[in-house]
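The lines below spell out each chain.
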Amino acid sequence: MVELLLLAPEGVVESVTDALIDELGALSASVEDADADTDAEKALFGEPGMPAPAGGWQRSRIVALFDDDTAATEAATLLLAQDWASDVSLVAMRPVQEQDWVRLTQSQFAPVEISNGFWIVPSWHEVPAGAQRVIRLDPGPAFGTGTHPTTRMCLRWTAHHAAALSASWTRVLDYGCGSGILAIGAALHGATAIDAVDIDPSAVESTRANAMANGVTVNAGLPDLASGSYPLVYANILATPLKLLAPLLSAHVAGGGHLVLAGILERQTDELKAAYAPWLTLEVADRDEGWALMTGRMA
Ligand SMILES: C[S@@+](CC[C@H](N)C(=O)[O-])C[C@H]1O[C@@H](n2cnc3c(N)ncnc32)[C@H](O)[C@@H]1O
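Calculation rules
- Residues numbered from 1 in each chain as written.
- Predicted model: local features only at pLDDT ≥ 70, side-chain atom pairs only at ≥ 80, totals over all residues.
- Helix = DSSP H or I, 4+ residues; strand = E, 2+ residues; numbered from the N terminus.
- Buried ≥ 20, exposed ≤ 12 C-beta atoms within 10 Å, placed from the backbone.
- Contact = placed C-beta atoms within 7 Å.
- Pairing = 2+ DSSP bridges.
- Axes fitted to C-alpha atoms, helices over the stretch in contact; angles between N-to-C directions.
- UniProt positions renumbered as here; feature names shortened; annotations may be inferred.
- Core = buried A, V, L, I, M, F, W, Y, C linked by C-beta atoms within 7 Å.
- Domains from an automatic or database assignment.
- Near = placed C-beta within 6 Å.
- Nonpolar A, V, L, I, M, F, W, Y, C, P; charged D, E, K, R; others polar.
- Expected span 1.5 Å × (residues − 1).
- Arc of directions from axis to C-beta.
- Parallel < 35°, antiparallel > 145°, perpendicular 65-115°, else oblique.
- Left-handed = near helix turned anticlockwise from the far one by under 90°.

Structural notes on the overall build of the protein
A tally of regular secondary structure across the protein gives 9 helices and 14 strands. Counting only C-alpha atoms and orienting by the principal axes, one finds that the protein spans roughly 70 × 45 × 35 Å. For the protein, the residues scored as buried account for 36% of the 299 residues in total. By sequence separation, contacts in the protein at least 24 residues apart represent 66% of the contacts at least 6 residues apart.

Here it is as structure tokens:
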């Protein structure tokens, strides 16, 4: 296979990628910030709920993959002949080494130990010796493989509190379930009635599939599914939505129940504490790679 490396200004990036894929036979086209890691780099995405600081990168690096030399040459010639593409430049045309992409991807996801004997293990790996509780999970479209510190902290909290909190496992809510990993982790520690909700329908599907693959029962659906109060509520989202969701999430925590929040950077903990103060007192329960886990108990 052969790849074309192109540079394009903000205004034409979409037209270039559309033309490459729809008309010029590219097998794929990826777009990156051409100024990444330089002084010219500008932030593009803000946090959810905040306006994006810009509509696109000033200059994008586009990498388009073709079957062979002839297809790549023809595509480059046709593209660069368009008058709307006069500011697009061809930086390189180079052969791409054939790779075993499946093997390469799999090699990047190793088993993760959450706490003593509690593991997350991709389906293509042997279960490590000594593992007592195992979540079998492969990377998929939904967030939550166990490699992110926010997920790991929630699972660690689950493992450390399972024995002391057995009364809380009767009803559990995983709000923003992604892959369903927290719900599955709770089920493996004895939770029985678990609702897992997400605004993204593909996350709901992933949660259902992953729960089934792990042989546990999780009731997954869109956020409307959450109803009434739960002795234990998890929400690993991000600081801005967690602040907006404070009244709703607090209303779902039963008297004496626990709220476990993640997706919060260490510098954001005071804001979160203030947002939840009308309902409960949040404290930092764990820290990992600049992220904080905050928990609180309803009076
Ligand atoms: C960081 S992922 C967490 C996934 C998983 N619970 C974990 O701990 O790895 C956050 C998830 O929350 C979902 N989400 C974001 N905003 C939401 C909202 N307002 N209501 C429900 N789900 C939301 C996203 O679609 C995403 O799947």
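Considerations on the sheet that holds strand E6 (residues 118-121)
In spatial order, the strands read E5-E6-E7; together these 3 strands make up an open sheet with mixed pairing. Only two strands of the sheet have a single partner each, and these edge strands are strand E5 (112-115) and strand E7 (133-136). The mean inter-strand angle of the sheet, taken between neighbouring strand axes irrespective of direction, is 25 degrees. Of the strand pairs in this sheet, E5 and E6 are connected by 3 bridges, and their pairing is antiparallel. Residue pairing for E6: valine 112 is matched across the bridge by isoleucine 120. Each of E5 and E6 is contacted by helix H4 (residues 149-161), which is oriented at about 45 degrees to E5, the strand it contacts most.

A few points about the UniProt feature "binding site: S-adenosyl-L-methionine" (unreviewed entry) in the protein
Mapped onto the present numbering, the UniProt feature "binding site: S-adenosyl-L-methionine" (unreviewed entry) falls on Thr151, Gly176, Asp198 and Asn236. Relative to the helices and strands, glycine 176 resides in the loop between strand E8 (171-175) and helix H5 (181-188). You can call glycine 176 buried: it has 25 C-beta atoms within 10 Å. Residues contacting glycine 176, with those up to four places away along its chain left out, are Asp198, Ala235, Asn236 and Ile237. Along the polypeptide, aspartate 198 turns up in the loop between strand E9 (193-197) and helix H6 (201-213).

A short note on the nonpolar core
Core analysis: the largest hydrophobic core is formed by 59 residues, its most contacted members being Cys154, Ala183, Val233, Leu261 and Ile264. Per-element tally for this core: the top contributor is H5, with 7 residues. Setting aside chain neighbours within four positions, we find alanine 183 in contact with Asp174, Cys177, Ile194, Ala196, Thr207, Ala211 and Val218. Within the second largest apolar cluster, 17 residues are counted, among which are Leu6, Ala19, Ala26 and Ala64.

Describing the sheet that holds strand E10 (residues 219-221)
Reading across from one edge, E10-E9-E8-E11-E12-E14-E13 is the order of the 7 strands in this open sheet, with mixed pairing throughout. Two strands in the sheet have a free side with no partner beyond their single neighbour: E10 and strand E13 (283-288). Across the sheet, the mean angle separating the axes of adjacent strands is 15 degrees when strand polarity is ignored. With 6 bridges joining them, strand E12 (residues 253-265) and strand E14 (residues 291-297) adopt antiparallel strand pairing. Pairing of leucine 265 across the sheet is with tryptophan 291, part of E14. Most of the contacts of H6 go to E10, to which it runs at about 160 degrees, and overall it touches E9 and E10. Of the strands in this sheet, E12, E13 and E14 touch helix H9 (residues 269-276), which is tilted by about 20 degrees from E14.

Things to note about the domain arrangement of the protein
In terms of domain boundaries, the protein breaks down into domain 1 (2-98) and domain 2 (104-297). In this structure, domain 1 and domain 2 have C-alpha centres spaced 37 Å apart.

Quick word on the site of the ligand
Surveying the vicinity of the ligand reveals 20 residues, the closest of which are Gly144, Thr151, Gly176, Gly178 and Asn236. In the shell around the ligand, the residues fall into 12 nonpolar, 6 polar and 2 charged.

With respect to H6
Over its 13 residues, H6 extends 18 Å from the first C-alpha to the last, a length consistent with the 18 Å expected when each residue adds 1.5 Å. All of the buried residues along H6 are Ala203, Val204, Ser206, Thr207, Asn210 and Ala211. Seen from one end, H6 has its buried residues packed into an arc of 160 degrees, which puts them on one side. The exposed set on the far side of H6, more than 90 degrees from its buried face, consists of Pro201, Ser202 and Met212. In this fold, the buried residues of H6 make contact with H5, E9 and E10. One or two positions beyond H6, positive phi appears at glycine 215, with a value near 65 degrees.

Side note on the pairing of E6
Looking along a regular strand, one sees the side chains alternate between the two faces of the sheet. Here E6 shows two buried faces, one formed by Phe118 and Ile120 and the other by Trp119 and Val121. Where E5 folds back on E6, the antiparallel hairpin that results is connected by 2 residues, among which glycine 117 adopts a positive phi of roughly 85 degrees.

So, the packing of H4 against H5
Relative placement of two packed helices is described by the angle separating their axes and the distance separating the axes. Between H4 and H5, the shortest axis-to-axis distance is 10 Å and the interhelical angle comes to 15 degrees. One finds that H4 runs roughly parallel with respect to H5. In terms of crossing hand, the pair formed by H4 and H5 is right-handed. Side by side, H4 and H5 meet where Thr151, Cys154, Leu155 and Thr158 of the first sit next to Ile181, Leu182, Gly185 and Ala186 of the second. The residue inventory of the contact of H4 with H5, partitioned by class, reads 5 nonpolar, 3 polar and no charged.

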